[in-house]
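# Working through the structure, step by step
As a plain string of letters, each chain reads:
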Amino acid sequence: MDDPKTSQSLFGPRARIAPSPTGYLHIGTARTALFNFLFARKHGGQFILRIEDTDPKRSKKEYEENIYEGLKWLGIMWDEGPDIGGDYGPYRQSERVDIYEKYLRQLLDENKAYYCFCTPEELEAQRRDMISRGLPPKYSGKCRHLPPETVKQYLAQGKHSVIRFKMPPKEVKFHDLIRGEIKVDLNLIGDIVIARNLREPLYNFSVVIDDYLMKITHIIRGEDHISNTPKQIAIQEALGLPRPIYAHLPMILGPDRSKLSKRHGAMPVTEYRKMGYLPEAIVNFIALLGWHPASDREIFNMEELIKEFSLKRVQKSGAVFNVNKLNWFNSQYLRHLSLDKLTKIVREYLQKYSDKAELLKEYSDEYLRKVIEIELTRINKLSDLIVLSDFFFEKNLRYSPDLLVWRDMTLAEVKQSLQDSAKVLQQINQKDFLRSNIQVKLFEFIEKSPQYRGDKGRLLWPLRVALSGKKASPSPFEIAEILGKKETLRRIEVALKKI
Ligand code: GLU
């Protein structure tokens, strides 16, 4: 059972995401996690979360928590991880130092790794020398052959050192499930540092040990790690460990095809949540960053993605991140929710993220549902709703009286117009205060009033602004119905006082 060679095929693949908690969960890491998750689920295997926190200066608990929160919110759930345990833990690298030490000692004892005492100045001089001789810069190998007594003596003296891996002088070949066969000449890489000391291993070393002991069968990760793969294979071979299968995902690019950055709208997953994107829309969107389904269908829920997913349809070339596309997905998902469900989501969202959360308590679900209903076609994400519909929840609208003026109307005419609207609306019964009725009654009035007949904006614009305080909003009929007769008339009163 200890040997992944014999156990891996019996239980399906084991894939993992191995984020370093040195920043918030980024959309790129979420995509890598999703592809690993889909792959594992599709083939009845396991998805493992490992926290790579070997850099104590940059790793923070807050980031680790953010990674859990983001993945959970997206519905990318792991089967083993630091928070839930599993048979191959611990799953946090900082808790595995004894394990790494054992393997580091093995490499040192077998003369496959060695202590290097070169100072930064020496390393820099070696580098410059190689460049001047037209050679690719790499470690010169100076400390490779230090006599054991010298090493012992230097260590006893506390001379600064690192542990280097003796890179074998050969070519490494590996098959990448996405990119095909890849060959790398290890001579070009040289003896890499694999640990600062026995208790402080570095990424390329610890990852090999962990992937082996956690019985990872498939390593699916970003293309930025492709240059690490030959190094990791060389370390595996030196320790006699089996080789997992590799797949390197295409980079995510901005619309200008440069590396994705904040400038292109790439943010931590929790920021997207704050902006009011639905997790289902983000999952659907990131699934298509580099992968495409067999048909040209675009909308997939998680279950459907699991069914459809295949590494065979992951492209080699970079995947462009297009915020407009994400907005489109989100608006699709918003529109396909039932109004009841959406109302629940919106209330939770506003309570968490709007500064008007307190005000919201006064409004019923019925009221909120009506607001959502008329704004739905105008929004891509829930934060748009806060901007567009704040006036429904605001008792004191702040707008300048100039906004009430339609075209060349005088203030006196605006005043008259608002009084006329109030009179018409006053005559509608409370129970008939519905948008269609309101519209019919106002239009009837316009028809018989010469001052409005030629330009109905002269009646409807001041009314709409009085109710919304905004330059653009839904029609006054829709707003009036939602506000109700009393609040509608009150807002007209307030507007009249402003003039
Ligand atoms: N800790 C590495 C990272 O966050 C993991 C890379 C890998 O998947 O091997 O990029």
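For the structure itself, look to the data block above.
Reference entry: report on the structure contained in this document. (Residues numbered from 1 in each chain as written. Predicted model: local features only at pLDDT ≥ 70, side-chain atom pairs only at ≥ 80, totals over all residues. Heavy atoms only, no water.)

### Points about the nonpolar core
With 106 residues, the main nonpolar core has Leu34 and Phe392 as its most contacted residues. Broken down by element, this core gets its largest block of residues, nine residues, from helix α2 (residues 27–42). Residues in contact with Leu34, not counting those within four places in the same chain, are Ile76, Val283, Ile286, Ala287 and Met302. Membership of the second largest hydrophobic core comes to 39 residues, among which are Leu186, Phe205, Met214 and Ile219. (Core = buried A, V, L, I, M, F, W, Y, C linked by side-chain atoms within 4.5 Å. Buried < 20%, exposed > 50% of the residue type's maximum accessible area, 1.4 Å probe, protein only. Helix = DSSP H or I, 4+ residues; strand = E, 2+ residues; numbered from the N terminus. Contact = heavy atoms within 4.5 Å.)

### A short note on the pattern of salt bridges
Tallying each qualifying case throughout the model produces 48 salt bridges. With a closest N to O distance of 3.4 Å, Arg127 and Glu124 form a salt bridge. Here Arg127 and its partner Glu124 are both found in helix α5 (residues 120–132), three residues apart, which amounts to about one turn of the helix. Residues Lys381 and Asp384 are paired through a salt bridge, measuring 3.2 Å at the closest nitrogen-oxygen approach. Given a relative accessible area of 16%, Lys381 falls into the buried group. The exposure class of Asp384 is buried, given its relative accessible area of 18%. (Salt bridge = Lys/Arg side-chain N within 4 Å of Asp/Glu carboxyl O.)

### What to know about the environment of Tyr353
Tracing the backbone through its elements, the reader meets Tyr353 in helix α13 (residues 339–353). The spatial distance from the C-alpha of Tyr353 to the C-alpha of Leu260 is 27 Å, given a sequence separation of 93 residues. The contacts of Tyr353, once residues within four sequence positions are left out, are Arg273 and Lys274.

### Let's talk about empty space enclosed by the protein
Tallied over the full model, the rule gives two cavities of 30 Å³ or more. Roughly 110 Å³ of volume is contained in the largest cavity. Lining the largest cavity we find Leu350, Ser354, Lys356, Leu359, Leu360, Leu385, Ile386, Ser389, Asp390 and Phe393. Secondary-structure elements contributing two or more residues to the lining of the largest cavity are α14 (357–360) and α16 (382–389). With three residues, the top contributor of residues to the lining of the largest cavity is α16. Of the residues that constitute the lining of the largest cavity, the class distribution is six nonpolar, two polar and two charged. (1 Å grid on protein atoms, 1.4 Å probe; cavity = no way out; pocket = protein on both sides within 12 Å on 5 of 7 lines; lining within 4 Å. Points joined across faces, edges and corners; volume = space filled by probe spheres on them. Nonpolar A, V, L, I, M, F, W, Y, C, P; charged D, E, K, R; others polar.)

### Some points on the pairing of strand β7 (residues 193–197)
As judged from the two bridges shared by strand β4 (residues 162–165) and β7, these two strands associate in the antiparallel manner. Following the sheet pairing, Arg164 is matched in β7 by Val193. Of the strand pairs in this sheet, β7 and strand β8 (residues 200–201) are connected by two bridges, and their pairing is antiparallel. Counterpart to Asn197 in the pairing with β8 is Glu200. Here β7 hands over to β8 after two residues, the two strands then running antiparallel side by side. (Pairing = 2+ DSSP bridges.)

### Considering helix α10 (residues 279–287)
The buried count for α10 comes to eight of nine residues, which makes it a mostly enclosed element. Among all positions in α10, only Pro279, Ala281, Ile282, Val283, Asn284, Phe285, Ile286 and Ala287 are buried. Lining the buried residues of α10 we find α2, α3 (61–74), α9 (269–275), α11 (302–308) and α12 (323–336).

### Examining the packing of aromatic side chains
This model, assessed by the stated rule, comprises 22 aromatic pairs. Measuring from centroid to centroid gives 6.2 Å for Trp291 and Phe300, while their planes differ by 70°, and the two rings are edge-to-face. Measuring from ring centre to ring centre gives 5.8 Å for Phe443 and Phe477, while their planes differ by 80°; the resulting arrangement is edge-to-face. Linking Phe443 in helix α18 (residues 435–447) with Phe477 in helix α21 (residues 476–483), this pair joins segments that are 34 residues apart in sequence. What makes Phe477 buried here is its relative accessible area of 7%. Put simply, the rings of Tyr363, Tyr367, Phe391, Phe392 and Phe393 touch in pairs and so form one group of aromatic residues. Over the aromatic face of Phe35 sits the side chain of Arg31, whose NZ or CZ is 5.5 Å from the ring centroid. Lying across the ring of Tyr154, Lys159 places its NZ or CZ 4.0 Å from the centre. (Phe/Tyr/Trp six-rings, centres within 6.5 Å; stacked < 30°, edge-to-face > 60°. Lys NZ or Arg CZ within 6 Å of the ring centre and 35° of its normal.)

Geometric values such as these leave the question of function open.
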